[in-house]
Amino acid sequence: VTNGGKTTLAEKLKKMLPNCGIISQDDFFKPESEVETDERGFKLYDVLDALYMDEMVKSIHNWIKSPASSGVVTEELQNTCDNLKNTEDVYILIVEGFLLYNYEPLNELWNRRYFLTLPYEECKRRRSTRVYQPADTPGYFDGHVWPMYLKYKNEFEENAINVVYLDGTKSQEELLSCVYSDIIQELQKLRE
């Protein structure tokens, strides 16, 4: 969902987890000149065709092949390392974005999937406080952004993808605690 807190959560997790990197789907948007416009004049940014998804998949595969050379540096964060001894050889990649689970080549790569949700009114309110380039045109949220969110959410729900839903109205601290605890449990399973 747009403005659900994906990037904020990912950045906070990166600071807490050792050997952690982030790939953001937002970094793979096509230039405005390559993004289709619908009959209402809306730029169709909330569709897979607005993104260089092949490049994103390539970046993820490159990271998987060589995480240590990807710029991820082991940080000795005291509270993390106390909980995660012997994880020096474990690398964590957080891939954050809004259309991750609707692109088949990515679906085989996930160890965990999280999906932030927001109710319509809160999502619209948050979106209205952000400045986009190009700027949202009047009616863009209701005419394109929200309908595309519902479409793609329904799509992956129909495909029975195993996703942990997170309530984006909860505090950043609650969301961080939930996901961090889950990741720690997964790392502990790797050590067993």
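Higher on the page you've got the structure.
Within every chain, residues take consecutive numbers counted from 1 along the sequence as written. Under the rules for a predicted model, residues below a pLDDT of 70 receive no local features and side-chain atom pairs below 80 are neither given nor counted, while totals for whole chains, interfaces and linings still include all residues. Computation of side-chain values: all heavy atoms of the structure, hydrogens and water removed.

Quick look at the overall build of the protein chain now. On a plain count of helices and strands, the protein chain comes out with 7 helices and 4 strands. Tracing the protein chain from N to C terminus, the helices and strands come up as α-β-α-α-β-α-β-α-α-β-α. Accessibility here uses a 1.4 Å probe with only protein chains present; expressed as a share of the type maximum, an area under 20% marks a residue as buried, one over 50% as exposed, and anything in between as partly exposed. Burial status across the protein chain gives 46% buried among its 192 residues. Residue contacts are counted whenever heavy atoms from the two residues lie within 4.5 Å of one another. Partitioning the intrachain contacts of the protein chain with sequence separation of at least 6 by distance along the chain shows that 77% fall at a separation of at least 24. Per element, the accessible surface of the protein chain, about 11000 Å² overall, is 48% carbon and sulfur. Only DSSP runs of H or I covering at least 4 residues are called helices, and only runs of E covering at least 2 are called strands; the numbering of each starts at the N terminus. Using a 1.4 Å probe, accessible areas were evaluated by the Shrake-Rupley method; residue-level cover was limited to the displayed protein chains.

Quick look at the pattern of salt bridges now. Any two side chains of opposite charge can pair if their charged atoms end up close together. Take a side-chain nitrogen of Lys or Arg and a carboxyl oxygen of Asp or Glu: if they are within 4 Å of each other, that pair is a salt bridge. A complete count under the given rule lists 10 salt bridges for this structure. Ionic pairing is found between glutamate 122 and arginine 126, a salt bridge with its closest N-O pair at 2.8 Å. On the criterion of helical spacing, the pair formed by glutamate 122 and arginine 126 is a turn pair, its members being 4 residues apart in helix α5 (residues 120-128). Glutamate 157 is the salt-bridge partner of lysine 153, the closest N and O atoms lying 3.1 Å from each other. Here lysine 153 pairs with glutamate 157, and both are found in helix α6 (residues 140-158), just 4 residues apart, close to one helical turn. The structure contains a network of salt bridges with shared partners spanning Arg112, Asp182, Glu186 and Lys189.

What follows covers the packing of helix α1 (residues 6-16) against helix α7 (residues 172-191). Between α1 and α7, the least distance of the axes is 10 Å, while the angle of their chain directions is 50 degrees. When the axis of α1 is compared with that of α7, the two are oblique. By crossing handedness, the relation of α1 to α7 is classed as right-handed. Contact residues: Thr8, Leu9, Lys12, Leu13 and Met16 in α1; Gln172, Glu173, Leu175, Leu176, Val179, Tyr180 and Ile183 in α7. Throughout this entry, Asp, Glu, Lys and Arg are counted as charged residues, while Ala, Val, Leu, Ile, Met, Phe, Trp, Tyr, Cys and Pro are counted as nonpolar. The remaining residues, Gly among them, count as polar. Along the lines of polarity and charge, the residues of the contact of α1 with α7 split into 8 nonpolar, 2 polar and 2 charged. To obtain an axis, a line is fitted to C-alpha atoms, over the contacting stretch when the element is a helix, and the angle between two such axes runs from 0 to 180 degrees between their N-to-C directions. The cut-offs work like this: below 35 degrees is roughly parallel, past 145 is roughly antiparallel, 65 to 115 is roughly perpendicular, and the gaps in between are oblique. Crossing chirality is assigned from the near helix's rotation relative to the far helix, an anticlockwise turn below a right angle marking it left-handed and a clockwise turn marking it right-handed.

All right, on to α5 then. Within an α-helix, residues lying three or four positions from one another point in the same direction, as the helix has 3.6 residues per turn. Three or more residues of α5 are buried, namely Cys123, Arg126 and Arg127. End-on view of α5: buried residues confined to an arc of 100 degrees, all on one side of the axis. Exposed side chains of α5 directed beyond 90 degrees from the buried face belong to Glu121 and Ser128. Taken together, the buried residues of α5 touch α6. Arc definition: it is the arc formed by the directions from the helix axis to the C-beta atoms.

Only buried residues count toward a nonpolar core, which is a set of Ala, Val, Leu, Ile, Met, Phe, Trp, Tyr and Cys residues joined through side-chain atoms within 4.5 Å. Of all hydrophobic cores here, the largest spans 58 residues; its most connected members are Leu13, Leu17, Met56, Ile60, Tyr101, Leu106 and Ile183. Elements supplying a minimum of two residues to this core: α1, β1 (20-24), α2 (53-65), β2 (92-96), β3 (114-117), α6 and α7. By residue number, the principal contributor to this core is α6, which donates 8 residues.

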